[in-house]
Amino acid sequence: MAYVNLSAPILIVEDDRNTAALIATYLQREGFATQAVHNGAQALELVRRQVPGFVILDVMLPEVDGWEICRELRKISDVPILMLTAREDEIDRVLGLSLGADDYVVKPFSPRELVERVKAILRRTTRPAKTDSLLCHDQLILDTEKRRVTLAGHAVSLTAVEYKLLYALMSAPGRAFSRDELLSQIYEGGESVVDRVIDVHLGHLRQKLADDPANPRYLETVRGFGYRFVDRKTA
């Protein structure tokens with residue numbers, strides 16, 4: 001039974017043609033349209049012309065590696081990205097997630113598990129937004145209906161993870177969230193992710209909001225515990 005059909009195909013970026021064909025077969029059985037390219041340069045050229053609905057991205061690619069493609073994609077889109085890596089090193093997992101990937105799978109992998117990971121990511125990233133309010137603090141506005149963040153009237157480009165992290169914190173100003181709580185907010189599928197990934201995402205979020213950790217207007221560190229959004233009453 002088909003799970004969902006995307007208006008744009010899932011792009012499979014994998015240099016091993018047999019692996020790419022196997023992934024495509026399992027996805028197509030679930031009703032997904034797919035498209036495959038086999039080197040990094042082709043992938044970059046394609047995504048710059050038209051952003052796909054989802055990207056399955058191998059790390060080790062000819063010409064341009066998966067890290068660089070992930071960086072470039074995040075400059076133009078928050079399209080879901082699932083990384084494929086042949087290494088299980090923690091640093092590789094942290095790097096992929098810090099660049100904006102939504103999840104990763106270590107080779108060799110079960111095609112069925114990969115399809116379930118794709119479905120889980122889509123459930124998280126396509127969940128209907130609340131439509132009854134704006135979250136506002138000074139010049140920072142998070143529009144839950146349009147899924148848009150603005151600062152002093154200018155749009156702020158956030159990854160899907162950064163958006164969910166900011167939403168969680170802004171929804172409860174003044175409340176201290178542990179790193180584990182924040183991980184559960186942004187990785188709801190139970191993925192095994194080291195808690196310091198939160199620090200990486202918060203660092204990127206602070207840069208995009210021009211928020212000084214020493215004198216925070218928005219995102220405050222709770223030493224030895226986690227983070228909180230500055231309370232409106234005390235800002």
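Note: the structure precedes this text.
What you are looking at is a predicted structure, and each value in this text was computed from that prediction instead of being measured.

Trainee: Even after reading the chapter, I still don't get helix α8 (residues 196-208), so can you show me in this structure?
Mentor: Helical geometry note: an α-helix holds 3.6 residues per turn, so side chains three or four residues apart project in the same direction. Between its first and last C-alpha atoms α8 spans 19 Å; for 13 residues at 1.5 Å apiece the expected length is 18 Å, and the two agree. Looking only at α8, the buried set comprises V197, I198, H201, L202, L205 and R206. Of the residues trailing α8, A210 is marked for its positive phi of about 50°.

Trainee: What's the story with the pattern of salt bridges in this structure? I'm lost.
Mentor: Side chains that differ in charge, positive against negative, can pair when their charged atoms come close. A complete count under the given rule lists 16 salt bridges for this structure. Across the pair R117 and D103 runs a salt bridge, and its minimum N-O distance is 3.1 Å. Note that R117 is positioned in helix α5 (residues 111-125) and D103 in strand β5 (residues 103-106), a separation of 14 residues in sequence. Take D103: its relative accessible area is 3%, and that puts it in the buried class. Ionic pairing is found between E181 and R175, a salt bridge with its closest N-O pair at 2.5 Å. Judged by relative accessible area, E181 falls into the partly exposed class, the value being 26%.

Trainee: Sorry if this is basic, but what is going on with the sheet that holds strand β9 (residues 154-155) here?
Mentor: The pairing of strands in a sheet comes from backbone hydrogen bonds and takes either a parallel or an antiparallel form. The strand order β6-β7-β8-β9 describes an open sheet built from four strands, whose pairing is antiparallel. The open sheet has two edge strands, β6 (134-137) and β9, and neither has a second partner. Across the sheet, helix α6 (residues 160-170) lies against β6, β7 (140-143) and β8 (148-151), angled at about 105° from β7, the strand it touches most.

Trainee: Where do I start with the packing of helix α1 (residues 17-29) against α5 in this structure?
Mentor: Helix-helix packing is characterised by the crossing angle of the two axes and by the distance between the axes. One way to put it is that α1 packs onto α5 with a least axis distance of 10 Å and a crossing angle of 60°. Our classification of the angle between α1 and α5 gives oblique. For the pair α1 and α5, the sense of crossing is right-handed. Of α5, the residues touching α1 (which contributes L22, I23, Y26 and L27) are P111, R112, L114, V115 and V118. Classifying every residue of the contact of α1 with α5 gives eight nonpolar, no polar and one charged.

Trainee: Just to check I follow, could you spell out the layout of surface pockets for this structure?
Mentor: To find leftover empty space, a probe the size of one water molecule is rolled over the atoms. One number sums up the size of the second largest pocket: a volume of about 190 Å³. What lines the second largest pocket is a set of 13 residues, and nearest its centre among them are R74, S98, L99, H204 and K208. Broken down by secondary-structure element, the contributors of at least two residues to the lining of the second largest pocket are α3 (66-76) and α8. Of the residues contributing to the lining of the second largest pocket, the split by class is one nonpolar, six polar and six charged.

Trainee: Which parts of the structure should I look at to understand the pairing of strand β1 (residues 10-13)?
Mentor: Residues in a regular strand project their side chains so that they alternate between the two faces of the sheet. In β1, alternate side chains face the same way, and those of I10 and I12 on one face and L11 and V13 on the other are all buried. Direction of pairing for β1 relative to strand β2 (residues 34-37): parallel, over a ladder of four bridges. Paired with I10 across the two strands is T34, which belongs to β2. Remark: the β1/α1/β2 crossover connection has right-handed handedness. Across four bridges, the pairing between β1 and strand β3 (residues 54-58) is parallel. Looking at β3, one finds that L11 is bridged to V55.

Trainee: Explanation requested: the sheet that holds strand β12 (residues 226-229) in the structure shown.
Mentor: The three strands lie next to each other as β10-β12-β11, forming an open sheet whose pairing is antiparallel. Of all strands in the sheet, those bounded by a partner on one side alone are β10 (177-178) and β11 (219-222). Of the pairings in the sheet, the one linking β11 to β12 comprises four bridges and is antiparallel in character. Pairing of T221 across the sheet is with Y227, part of β12. Of the strands in this sheet, β11 and β12 touch α8, which is tilted by about 150° from β11.

Trainee: Looking at this structure, I do not really get the packing of α6 against helix α7 (residues 179-186). What am I missing?
Mentor: Running from N to C, α6 and α7 point in directions that differ by 125°, and their axes come no closer than 9 Å. By the angle between their directions, the pair α6 and α7 is classed as oblique. Here the hand of the crossing between α6 and α7 comes out right-handed. In this structure, α6 uses V161, K164, L165, A168 and L169 to contact α7, whose residues at the interface are L182, Q185 and I186. The class makeup of the residues in the contact of α6 with α7 is six nonpolar, one polar and one charged.

Each value, and the rule that gives it
Residues numbered from 1 in each chain as written. Predicted model: local features only at pLDDT ≥ 70, side-chain atom pairs only at ≥ 80, totals over all residues. Heavy atoms only, no water. Helix = DSSP H or I, 4+ residues; strand = E, 2+ residues; numbered from the N terminus. Expected span 1.5 Å × (residues − 1). Buried < 20%, exposed > 50% of the residue type's maximum accessible area, 1.4 Å probe, protein only. Salt bridge = Lys/Arg side-chain N within 4 Å of Asp/Glu carboxyl O. Pairing = 2+ DSSP bridges. Contact = heavy atoms within 4.5 Å. Axes fitted to C-alpha atoms, helices over the stretch in contact; angles between N-to-C directions. Parallel < 35°, antiparallel > 145°, perpendicular 65-115°, else oblique. Left-handed = near helix turned anticlockwise from the far one by under 90°. Nonpolar A, V, L, I, M, F, W, Y, C, P; charged D, E, K, R; others polar. 1 Å grid on protein atoms, 1.4 Å probe; cavity = no way out; pocket = protein on both sides within 12 Å on 5 of 7 lines; lining within 4 Å. Points joined across faces, edges and corners; volume = space filled by probe spheres on them. Right-handed = clockwise from strand over helix to strand, strands pointing away.

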